[in-house]
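The residues making up each chain are set out below.
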Amino acid sequence: MIADARPLQPEFVPGDVRHRDGEIDALTSALEPVLEGRHADPVLLHGPSGTGKTCIARYALEKLRGEVVDLDTQCVNCWEDYTRFKTLYRLLEGVDRALDVHRQSTPRDELLDRLRDATDSPYVVILDEVDQLEETDVLYDLHRTRNLSLVLIANAERELFADLEGRVTSRLTTAMRVEFARYGVSELVGILEDRARWGLQEDAVTDGQLRWIADSAAGDARVAIGTLRAAAEAGEREGLERLTDEVVHDAAPKAKAEIRQKNLEKLTDDQRALYDIIDESDGIRPDALYEVYCTRVDDPRTDRTVRNYLKKMRRYNLIEPEGRGKARQYSAVS
DNA sequence: CCTCCACTGGAAGATCGGGAAG
DNA sequence: CTTCCCGATCTTCCAGTGGAGG
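Quantities reported herein were computed from a predicted structural model and do not represent experimental measurements.

The rules behind these values
- Residues numbered from 1 in each chain as written.
- Chains lettered and ligands numbered in written order.
- Predicted model: local features only at pLDDT ≥ 70, side-chain atom pairs only at ≥ 80, totals over all residues.
- Heavy atoms only, no water.
- Salt bridge = Lys/Arg side-chain N within 4 Å of Asp/Glu carboxyl O.
- Buried < 20%, exposed > 50% of the residue type's maximum accessible area, 1.4 Å probe, protein only.
- Helix = DSSP H or I, 4+ residues; strand = E, 2+ residues; numbered from the N terminus.
- Disulfide = S-S within 2.5 Å.
- Patch = residues over 30% accessible without salt bridge, like charges linked within 9 Å, V, L, I, M, F, W, Y side chains within 5 Å.
- Areas by Shrake-Rupley, 256 points an atom, 1.4 Å probe, with all protein chains shown as cover.
- Lys, Arg positive; Asp, Glu negative; His and termini not counted.
- Charge placed at Lys NZ, Arg CZ, Asp CG, Glu CD.
- Axes fitted to C-alpha atoms, helices over the stretch in contact; angles between N-to-C directions.
- Parallel < 35°, antiparallel > 145°, perpendicular 65-115°, else oblique.
- Left-handed = near helix turned anticlockwise from the far one by under 90°.
- Contact = heavy atoms within 4.5 Å.
- Nonpolar A, V, L, I, M, F, W, Y, C, P; charged D, E, K, R; others polar.
- Pairing = 2+ DSSP bridges.
- Right-handed = clockwise from strand over helix to strand, strands pointing away.
- Phe/Tyr/Trp six-rings, centres within 6.5 Å; stacked < 30°, edge-to-face > 60°.
- Lys NZ or Arg CZ within 6 Å of the ring centre and 35° of its normal.
- Core = buried A, V, L, I, M, F, W, Y, C linked by side-chain atoms within 4.5 Å.

(A) Seen up close, the pattern of salt bridges. For the structure on display, the rule yields 18 salt bridges. The partner of R285 in a salt bridge is D287, with the nearest N and O atoms 3.7 Å apart. Taking relative accessible area as the criterion, R285 reaches 41% and is therefore assigned partly exposed. Taken together, the shared-partner salt bridges connect R18, D194 and R197 into one network.

Rendered as structure tokens:
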């Protein structure tokens, strides 16, 4: 069934990207100064999830690496590395200067100084999900780092700027914006055809099945590819030569359940207790939630901390709030 | 329209654990 | 060993928000 698992992985970057010629052109022309060893102005890629922002950014960097000697690149996922320290540490890793920073008692902002020392050749940096960054002042410092070019990726442009510090915003107003729209069904089918051709045995999946997956993914390529992968894995387990419609239709919820399970494993015991309470309820008000929480765990945190936990679980898309103000209720995402 | 109040999340300080310096 | 400093996490305090109900 599966001939090559890599094209079915979410982080796979194809050698030839479909349906995004305009966006690629815009990004590569924005990065053109790097070809001459200068640093490029920041570029902001924005649009809904699964529209190819990360893929196109990685693709453009790959191409750039082929054309520029002494080019360093790094991709930081700010959703995981959401503090100043972690972001800078990741950037130092990209230029192999993070080796002895394991010690925590490095003087304040030694990381930034070190990064500035290290970047004597062009360094192009992707900050993915930059709207998840909590200490946005690091953007200001990076913007002022010689030889460092920023490619920022965010879902919602407006929300991003609302969260940014004033001095960061003013620097980024000149940034080139590239907007990514949702894929149409036929575009998604095209993407899936490629992945199926590269990753699956011949004739493992029909055009109709790919169309069904594309349809159910609602313009999100990540969901579509994840569904195809879940279907292929299920087919492999069952020893099928060709996917049946039933396996394909079961794969969509399975792909989502896998993501949720992975996120649940990242929660602490306290957070997990909160999730369980919300999951058992059919919509619960915050004060009632906290009350139950205090009876469930031995050493309950304060309500403020619990609110931070809720924020985190919302980011993981595990729970969702309904209503505002006093009418607020939390429920688990099904 | 106005007030109340549950809810929200920013800011600042305390605490914890780990590692380095003395 | 103790002391100091770091990032991460938690607590304390509090101002802002917007439904609910007068």
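Now that the structure is up, let's keep going.
(B) Representation of the environment of E11 in the model. In this structure, E11 sits in the segment before helix 1 (21-30). Along the primary structure E11 and E135 are separated by 124 residues, whereas in three dimensions their C-alpha atoms are 26 Å apart.

(C) Looking closely at the state of the cysteines. Within the structure shown, the criterion is met by zero disulfides. Between C55, a cysteine without a disulfide, and C75, which holds the nearest cysteine sulfur, the sulfur-to-sulfur distance is 11 Å. Classification of C55 by relative accessible area gives buried; the value is 19%. The closest cysteine sulfur to the non-disulfide-bonded C78 is located on C75, 8.8 Å from its own sulfur. Look at C78 and you get buried, because its relative accessible area is 0%.

(D) The environment of R222, seen in detail. Note on placement: R222 falls in helix 11 (residues 221-237). The exposed category is assigned to R222, whose relative accessible area is 51%. Along the chain, R222 and V185 lie 37 residues apart, while their C-alpha atoms are 13 Å from each other.

(E) Region of the structure containing a negative patch on the surface. Among the surface-exposed residues, D70, D113, D117 and D120 lie close enough to one another that they form a single negatively charged patch. Note that D70 resides in the loop between helix 3 (53-67) and strand 2 (72-77). Assessed through its relative accessible area of 59%, D70 is described here as exposed.

(F) A look at the packing of helix 10 (residues 207-216) against helix 12 (residues 245-265). One can describe the packing of helix 10 onto helix 12 by two numbers: an axis separation of 10 Å at closest approach and a directional angle of 15°. The angle between helix 10 and helix 12 places the two elements in the roughly parallel class. Like other packed secondary-structure pairs, helix 10 and helix 12 cross with a definite hand, here right-handed. Along its contact with helix 10, which presents Q209, W212 and I213, the element helix 12 presents D245, V248, H249 and A252. Looking at the contact of helix 10 with helix 12 residue by residue, the class counts come to four nonpolar, two polar and one charged.

(G) Main features of the pairing of strand 3 (residues 123-128). Strand 3 sits mainly inside the fold: six of its six residues count as buried. Here strand 3 shows a buried face lined by Y123, V125 and L127 and a second buried face lined by V124, I126 and D128. Across six bridges, the pairing between strand 2 and strand 3 is parallel. Residue pairing across strands places V76 opposite L127, the latter belonging to strand 3. The β-α-β motif built from strand 3, the intervening helix 6 (residues 137-143) and the parallel element strand 4 (residues 148-154) has right-handed crossover chirality.

(H) Summary view of the packing of aromatic side chains. Scanning the model with the defined rule gives four aromatic pairs in all. Plain terms: the ring middles of F85 and Y89 are 6.2 Å apart, the flat faces sit at 20° to each other, and that makes the pair stacked. Of the two residues, F85 and Y89 are both situated in helix 4 (residues 84-94); the distance of four residues between them amounts to about one turn of the helix. Exposure remark for F85: the relative accessible area of 40% places this residue in the partly exposed category. Residues Y290 and Y293 carry aromatic rings whose centres are separated by 5.8 Å and whose planes lie at 35° to one another, so their mutual orientation is tilted. Of this pair, Y290 and Y293 both sit in helix 14 (residues 286-296), separated by three residues, roughly a single helical turn. The ring of Y82 carries the charged tip of K86 above its face, separated from the ring centre by 5.3 Å.

(I) Region of the structure containing the nonpolar core. Of all hydrophobic cores here, the largest spans 32 residues; its most connected members are L115, L127, V130, L139, L142 and L152. Elements supplying a minimum of two residues to this core: helix 4, helix 5 (110-118), strand 3, helix 6, strand 4, helix 7 (157-163) and helix 8 (166-172). Discounting chain neighbours no more than four positions away, the residues touching L115 are L88, L91, L92, V95, Y123, L142 and L148.

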